[in-house]
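Breakdown of the fold
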Amino acid sequence: MSRTFRFWGLVPAWALMLLTLIVPILIVAGVSVAERGAYGGFDWGFDITSYRQILFTEGWTDELEFDPKYLAIIARTLIFAGAATAICVLLALPVAYYIAQQSARLKIVLLYLVTLPFWVSMIVRVYAWLIILGNDGLLERVYRLFGGADISGFLFTPGAMITGMVYSYIPLMILPVYASVEKIDPALIEASHDLYGGRWTALRRVILPLAAPGLTAGSILVFVPSLGTVLEPMLLGGGKQLMMGTLIQTQFGGARNWPFGAAIAMVLLTLVVIVLLLNARRATRQAEVAL
Amino acid sequence: MKKLLLATTLILPVALPAAAEGELNIYAWADSISPELIAKFSEETGIEVNVDSFSSNEDALTKLQAGSSGYDLVTPSQHFVKIMADEGLLEDIDAYELDAYDQLDERWQGQWWDPENDYSIPLAYGTAGFSVNRDKYDGPVDSWSVLFEPTDLAGSIALLSYPDEVVSAAQLYLGVEYCTEDKAEMKKVYDLLMAQKPAVVAYTSDNIENRLGSGEVAAHFWWDGNTLRLRNSGAHVEYAMPKEGLVGWLDSFVVPAGAANIDNAKAFIEFMSTVENATEQYNYYAHSAPVEIDESKALYTKENAPELFPDVPVVFAQACSPAAQDLVTKVWTDLLQ
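Residues numbered from 1 in each chain as written. Chains lettered and ligands numbered in written order. Predicted model: local features only at pLDDT ≥ 70, side-chain atom pairs only at ≥ 80, totals over all residues. Heavy atoms only, no water.

This brings us to the overall build of chain B. Per the secondary structure count, chain B includes 13 helices and ten strands. For chain B, whose C-alpha radius of gyration is 20 Å, the value lies close to the compact-globule estimate of 20 Å for 337 residues. With the principal axes as the frame, chain B shows a C-alpha extent of 55 × 50 × 35 Å. Burial status across chain B gives 58% buried among its 337 residues. Carbon and sulfur atoms provide 48% of the accessible area of chain B, an area that totals close to 13000 Å². Positive and negative side-chain charges in chain B, numbering 20 and 55 respectively, have mean positions lying 8 Å apart. (Helix = DSSP H or I, 4+ residues; strand = E, 2+ residues; numbered from the N terminus. Rg over C-alpha atoms; globule rule 2.2 N^0.38 Å. Buried < 20%, exposed > 50% of the residue type's maximum accessible area, 1.4 Å probe, protein only. Areas by Shrake-Rupley, 256 points an atom, 1.4 Å probe, with all protein chains shown as cover. Lys, Arg positive; Asp, Glu negative; His and termini not counted. Charge placed at Lys NZ, Arg CZ, Asp CG, Glu CD.)

This part covers the sheet that holds strand β1 (residues 23–29) of chain B. Residue and element names in this part refer to chain B. The three strands are arranged β2-β1-β3 in an open sheet whose pairing can be described as parallel. At either end of the open sheet lies a strand with only one pairing partner, and these are β2 (48–54) and β3 (73–74). Direction of pairing for β1 relative to β2: parallel, over a ladder of seven bridges. Residue pairing in the sheet places glutamate 23 in a bridge with glutamate 48 of β2. Helix α2 (residues 35–45) rests against β1 and β2 of the sheet, and its axis sits at about 155 degrees to β2. Sheet strands in contact with helix α11 (residues 262–273) are β1 and β3, and its direction is about 55 degrees off that of β1. (Pairing = 2+ DSSP bridges. Contact = heavy atoms within 4.5 Å. Axes fitted to C-alpha atoms, helices over the stretch in contact; angles between N-to-C directions.)

Take the domain arrangement of chain A next. Residues and elements named next belong to chain A. Examined at the domain level, chain A breaks down into domain 1 (1–67 + 258–291) and domain 2 (69–256). Each of domain 1 and domain 2 has a C-alpha centre, and the two are 27 Å apart. Every contact between the two is made by 24 residues of domain 1 and, on the other side, 18 residues of domain 2. Roughly 1900 Å² is buried in total at the junction of domain 1 and domain 2, and carbon and sulfur atoms are behind 76% of that figure. (Domains from an automatic or database assignment. Buried area = accessible area lost by both parts, 1.4 Å probe.)

Here we come to the state of the cysteines. Residue and element names in this part refer to chain B. Here the structure, examined in full by the defined rule, presents one disulfide over all chains. Paired by a disulfide, cysteine 179 and cysteine 320 hold their sulfur atoms 2.0 Å apart. Every disulfide takes its handedness from the sign of the S-S torsion; for cysteine 179 and cysteine 320 that torsion is -80 degrees, giving left-handed. Note that cysteine 179 is positioned in the loop between α7 (163–174) and α8 (183–196) and cysteine 320 in the loop between β10 (314–316) and α13 (322–336), a separation of 141 residues in sequence. Across the pair, cysteine 320 and cysteine 179 agree in class, each one buried. (Disulfide = S-S within 2.5 Å.)

Our next topic: the side chain of glutamate 307 of chain B. With respect to the secondary-structure elements, glutamate 307 of chain B resides in the loop between α12 (275–285) and β10. Those residues in contact with glutamate 307 of chain B, other than ones at most four positions away along the chain, are Asp224, Thr227, Leu228, Arg231, Tyr239 and Met241 of chain B.

Moving on to unusual backbone geometry. The bulk of non-glycine residues show a negative phi, and the bulk of peptide bonds are trans. With a phi angle near 65 degrees, tyrosine 196 of chain A is a residue other than glycine that sits in the positive phi range. Inspection of the secondary structure assignment puts tyrosine 196 of chain A in the loop between α8 (186–194) and α9 (199–227). Since its relative accessible area comes to 80%, tyrosine 196 of chain A is described here as exposed. In the Ramachandran plot, aspartate 31 of chain B falls in the positive-phi region, its phi being about 55 degrees despite a non-glycine side chain.

Residue and element names in this part refer to chain B. Under the domain assignment, chain B is made up of domain 1 (2–125 + 249–307) and domain 2 (126–247 + 309–336). Taking only C-alpha atoms into account, the centre of domain 1 sits 25 Å from that of domain 2. Buried surface at the junction of domain 1 and domain 2, summed over both partners, amounts to about 2300 Å²; 53% is from carbon and sulfur atoms. Our enumeration of links across domain 1 and domain 2 arrives at one salt bridge. The salt bridge involving arginine 231 is made with glutamate 307; its shortest N-O contact spans 2.7 Å. (Salt bridge = Lys/Arg side-chain N within 4 Å of Asp/Glu carboxyl O.)

Right under this line is the structure:
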């Protein structure tokens with residue numbers, strides 16, 4: 001393998017990365033410091049008003065004051081995305097473990113079923129939850145069937161929104177976790193029992209550490225899209241509280257403030273990069289320990 | 001260059017249909033153009049028509065600003081026609097030379113949003129207000145106070161997801177001028193909406209028929225003709241006639257600057273504005289027609305469609321200055337923060 005071949009062989013990959021990833025990000029970064037157009041749009045320039053606006057805005061008086069409202073939106077987004085990720089972990093681990101225990105044929109069928117929802121448009125799937133959670137919807141009827149009181153109001157709550165996020169992204173958790181637990185040698189669990197470890201110890205000391213790479217990968221795959229989610233807050237959350245995704249959308253739409261929308265998008269991107277960097281650092285440290 | 005760059009941004013993926021002959025790409029309010037008429041137009045002219053839909057004027061504006069939208073015909077409301085024209089986003093089609101222009105009712109000619117009638121031919125007009133489900137609510141609907149300062153309706157109200165019409169309605173109720181640049185006045189609007197928020201279950205512009213028709217909410221911010229259609233489909237709904245007034249709108253056909261099929265777009269405007277077709281469109285869309293229609297074949301009259309014939313003041317939405325628009329945005333962002 002000559003050096004030139006290695007260089008030219010990678011050119012298509014680099015070109016693709018440059019055109020589809022780096023250039024668009026640079027454009028968004030450029031727009032975030034551009035000057036705002038009167039009715040939306042922008043003019044190239046250098047103006048950091050948009051970033052200042054994240055922390056300081058003109059209040060109902062004319063003075064520029066510290067305003068935590070955008071920080072609150074960012075914090076809320078992080079909390080909801082974290083909650084969705086945590087719930088996905090709790091649900092995906094037993095499911096993935098169960099699938100891993102099945103016969104080779106059944107495994108294929110079950111994994112196929114996990115990926116099945118991806119064949120249907122996301123909007124349609126989120127709409128299905130409107131029917132399940134809505135007034136006199138499936139959930140309420142089942143609840144009443146089992147003697148529950150006459151309650152309503154599942155829809156348009158943060159709970160409904162997180163349910164939708166968990167539902168949308170959980171296959172992204174199940175698949176990597178399955179890949180990890182499937183490789184666990186049953187002999188290791190037997191060994192832990194031989195050494196007087198109970199079921200709990202086996203789970204904590206054997207299964208969880210071996211499933212950790214899958215759990216980490218799955219958490220990233222769920223957390224990152226949850227940060228930018230738009231459909232669930234709008235349709236299931238009732239649009240009553242802005243999340244970062246919906247905030248960006250309103251800035252490009254109703255607010256006609258593209259630079260500010262781009263600035264928030266850059267903040268979102270930075271958060272994602274931080275998550276990925278933390279994970280990369282952990283992975284390197286683990287690799288060093290293993291050596 | 002700006003257009004080219006923008007077309008590659010992640011945030012606004014744009015469709016780029018081939019600029020082939022015999023095509024017409026329409027971007028219109030959801031379900032606003034009769035599918036039968038589109039089929040008839042295609043049959044008569046051989047032009048292939050593609051229709052995409054939007055559910056707010058802001059969406060339509062953003063799409064055009066992003067450039068290379070690929071659309072030949074868009075149907076924004078009057079204040080957005082003005083903004084689009086001022087921003088140079090529209091093609092000057094000499095609309096006053098079209099036969100469709102002569103079909104127009106005089107009161108829609110030479111208006112502030114298109115004083116020379118260069119850019120637009122109106123397609124429908126009506127009002128924005130609110131509707132109630134009469135199975136869920138049997139109280140009065142003669143004032144915006146029912147919606148904005150709810151007692152019986154609390155916990156069963158939905159508004160739209162965009163500020164445009166909602167803030168205008170709140171301004172009508174409070175007697176605040178549209179597009180005011182006075183912060184103190186807009187603070188009143190904010191205070192009203194903020195006090196109302198606990199009584200609102202959702203801010204959403206999708207799927208309104210179902211939400212209101214099924215009684216999931218008892219009151220919904222909505223449009224006149226949509227309420228009429230839902231009522232005619234059997235739902236027990238009523239369009240409110242608040243004494244403070246309704247928010248008026250008029251949607252027009254406009255051609256985005258640089259559209260590929262301008263002649264086809266003009267042909268479609270002419271087609272939709274003939275008496276026969278305009279009547280069919282009126283019967284389908286159930287919003288008032290700004291062009292001449294055949295009254296003897298019109299399905300909706302003052303007797304069976306009171307929604308379309310308001311007896312309260314109708315105040316048309318204005319194109320706000322950037323400063324005024326910022327205040328509207330501030331109200332909305334602070335409300336939903």
